[in-house]
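Each chain, written out:
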Amino acid sequence: MLIKRVKMILPALTEATSPYWRPIKYSLFPPLGLATLAAYLDPALEISLQDEHVERLNLDDNPDLVVIQVYITNAYRAYQLADHYRARGAYVALGGLHVTSLPDEAAPHADTIFLGPGEDTFPKFVKDLAAGTPLRRYESSVRTLKSLPPIRRDLIQRHRYLVPNSIVVSRGCPHHCTFCYKDGFFEGGRSFYTQVVDDALAEIERLPGKHLYFLDDHLLGSTKFARALFRGMRGMGGVFQGAATVDSILRDDLIEDAAAAGLRSLFVGFETLSNDGLAGAGKRQNLGHSYREVVKRLDSLGIMINGSFVFGLDGDDRDVFRRTVDWAVEAGITTATFHVLTPYPGTQLFREMEARNRIVTRNWDLYDTRHVIYRPLCMSPAELKYGYDWAYREFYRWSNIFKASTAHDSVKHQLKHFFYSSGWKKFEQAWDLVIRLKQLSQLRPMLEAVLSPVQTRRQEVGELNRVDVAARDDADDFVSVKL
Ligand code: B12
Ligand code: SF4
């Protein structure tokens, strides 16, 4: 089949395209998965990469091949687009997490579907398509990130994103939480693997600017890899954010290496304060570890924390919301992400709930961790939804933002906490305006400033003699933050 024009689409859920309201979270990261796949296409082809979260799609074109990435909450939109382009005569390929979980649902909308990561199957498909023998279905089995072609970042419209420098240097995670997408998605092969360190460093060096966001499920998942990566990054002068588990933060001194390389904020999956809840969710890596210790350690290194919490686990009753918020505020967690427990198809949790007839709707639009789509055990669905909304309001009340900020020893950390937390949640209308004016890139220096190093109390005491230097450093940052 002769292919000249290729269109790659990341469809958006309705909320992200609203003419009235554009939450900042949809303008954070570019479609890295599709840019990764684009690298396997002949560079001479005419390729357009469109992300509906940040732009209106032109649907009047006539591409020969359409490649669509399907998540759970964009699935209906993805199928609509697929049907549209098939009716116009295009060859349509669908892949991603939702297609992998429910291939039979996706297949009628596609010429070819893909299960699992695309690094082995997509190049095979491209060859088969050129030879006129594409299969209806490809399943990934070879799991490696060795010798990947460089991601086609040139196809990404950087100015539309606050964090264009997102990067993934591994796939999957070594753990097995029952609510996580990962075991289902990586079935049939390894479910945790990393890039070669030098390749990851080369990719980082290719990125302009100094702020990076690692989207890896677990950046500290392999100590050997992460240590070599951080040591290689030291001296590059960057600042970065990422995600990791409770146990990995407390294990040996890897987190110190991360901080020295520029780690300034970490997404931590606390999920619940209940040991039974952790055990029930298969989250063994959190069991027996002190969350206070995690906070203290990250605090001492000047690393801000985005704590992730799930409500609606089987032991959770109506008190869970207050208990969790009180703890998070007192501990000084910088930002919190709350989720209503959501059993995604393909997970152990979904199978268990389905077997007990606890799933109440299969409307995938509602599987966004904000709606209750199953029957909780110790409260009603309405109580769970109410408690979840209350937790967000309560955690981000001015008084609580202020209180949580004061939990840190260093004044600079307190200020950063205050600006970072209130910046995300208290100025949503301002974000909306900036997105509409296409001025997100103007705010990147401010983000970098807030993520610049913190002089912790430990360091302050040890460096009293150099207090003049620290004071100048403080002043610089304050100016940048005010911009
Ligand atoms: C970044 C991110 C976001 C970003 C932006 C997404 C973007 N621009 O790509 C934002 C913040 C907007 C976001 C929002 C949400 N997200 Co999100 N997000 C992620 C995250 C952390 C990383 C995605 C990523 O870039 N991965 C790296 C790239 C290289 O991998 P990839 O995108 O999966 O692409 C590979 C394969 O999937 C495959 N592939 C994909 N498409 C296709 C197509 C074809 C044809 C082929 C061959 C292969 C293929 O090949 C690619 C290369 O291997 C993932 C977690 C994760 N580890 O995947 C969660 C994740 C995808 N998000 C999830 C969810 C639930 C959401 C939200 C609903 C949550 C919420 N409450 O807000 C919203 C709504 C999203 C939506 N639009 O519908 C779930 C999805 C569950 C599911 N079963 O679909 C995940 C898995 C998180 C989790 N652990 O539960 N998210
Ligand atoms: S630790 Fe996080 S990424 Fe790993 S399996 Fe659990 S929820 Fe998924």
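As a reminder, the structure under discussion sits directly above these lines.
Residues numbered from 1 in each chain as written. Chains lettered and ligands numbered in written order. Predicted model: local features only at pLDDT ≥ 70, side-chain atom pairs only at ≥ 80, totals over all residues. Heavy atoms only, no water.

**Points about the sheet that holds strand β3 (residues 65-69)**
Right, on to step 1. Judged by pairing direction, the sheet is parallel, and its six strands sit side by side in the order β2-β1-β3-β4-β5-β6 without closing on themselves. Two strands bound the open sheet, and with one partner strand each, they are β2 (46-51) and β6 (137-139). Strand after strand, the sheet turns through a mean of 15 degrees between neighbouring axes, direction not considered.
Right, on to step 2. Helix α5 (residues 121-130) contacts β3, β4 (91-95), β5 (112-115) and β6 of the sheet and is inclined by roughly 150 degrees relative to β6. (Pairing = 2+ DSSP bridges. Helix = DSSP H or I, 4+ residues; strand = E, 2+ residues; numbered from the N terminus. Axes fitted to C-alpha atoms, helices over the stretch in contact; angles between N-to-C directions. Contact = heavy atoms within 4.5 Å.)

**Comments concerning the packing of helix α8 (residues 223-233) against helix α10 (residues 254-261)**
Right, on to step 1. Between α8 and α10, the shortest axis-to-axis distance is 8 Å and the interhelical angle comes to 30 degrees. For the element pair α8 / α10, the angle class is roughly parallel. As for how α8 packs across α10, the hand of that crossing is left-handed. Seen from α8, the contacting residues are T223, A226, R227, F230, R231 and M233; seen from α10, they are L254, D257, A258 and A261.
Right, on to step 2. Its residues assigned to classes, the contact of α8 with α10 comprises six nonpolar, one polar and three charged. (Parallel < 35°, antiparallel > 145°, perpendicular 65-115°, else oblique. Left-handed = near helix turned anticlockwise from the far one by under 90°. Nonpolar A, V, L, I, M, F, W, Y, C, P; charged D, E, K, R; others polar.)

**Considering the packing of aromatic side chains**
Right, on to step 1. For the coordinates displayed, the defined rule picks out 28 aromatic pairs.
Right, on to step 2. Aromatic pair F29 and Y213: ring centres 4.9 Å apart, planes at 70 degrees, arrangement edge-to-face. Separated by 184 residues along the polypeptide, F29 in the loop between β1 (5-10) and α1 (32-38) and Y213 in strand β10 (residues 211-214) bring together distant segments of the chain.
Right, on to step 3. Centre to centre, the rings of F338 and Y392 are 5.1 Å apart; their planes meet at 85 degrees, and the pair counts as edge-to-face. A residue pair is termed long-range when its members are at least 10 positions apart, and F338 in strand β14 (residues 335-340) and Y392 in helix α15 (residues 381-395) qualify at 54 residues.
Right, on to step 4. Linked through ring pairs, F270, Y291, F309, F311, F321, W327, F338, Y388, Y392, F395 and Y396 together constitute an aromatic cluster. (Phe/Tyr/Trp six-rings, centres within 6.5 Å; stacked < 30°, edge-to-face > 60°.)

**Structural notes on the sheet that holds β10**
Backbone-to-backbone hydrogen bonds pair the strands of a sheet. The strands run either parallel or antiparallel.
Right, on to step 1. The strand order β7-β10-β11-β12-β13-β14 describes an open sheet built from six strands, whose pairing is parallel. Each having just a single partner strand, β7 (166-167) and β14 make up the two edges of the open sheet.
Right, on to step 2. Note: strand β13 (residues 304-311) against β14, six bridges, orientation parallel. Across the sheet, the residue bridging to N306 is T335, located in β14.

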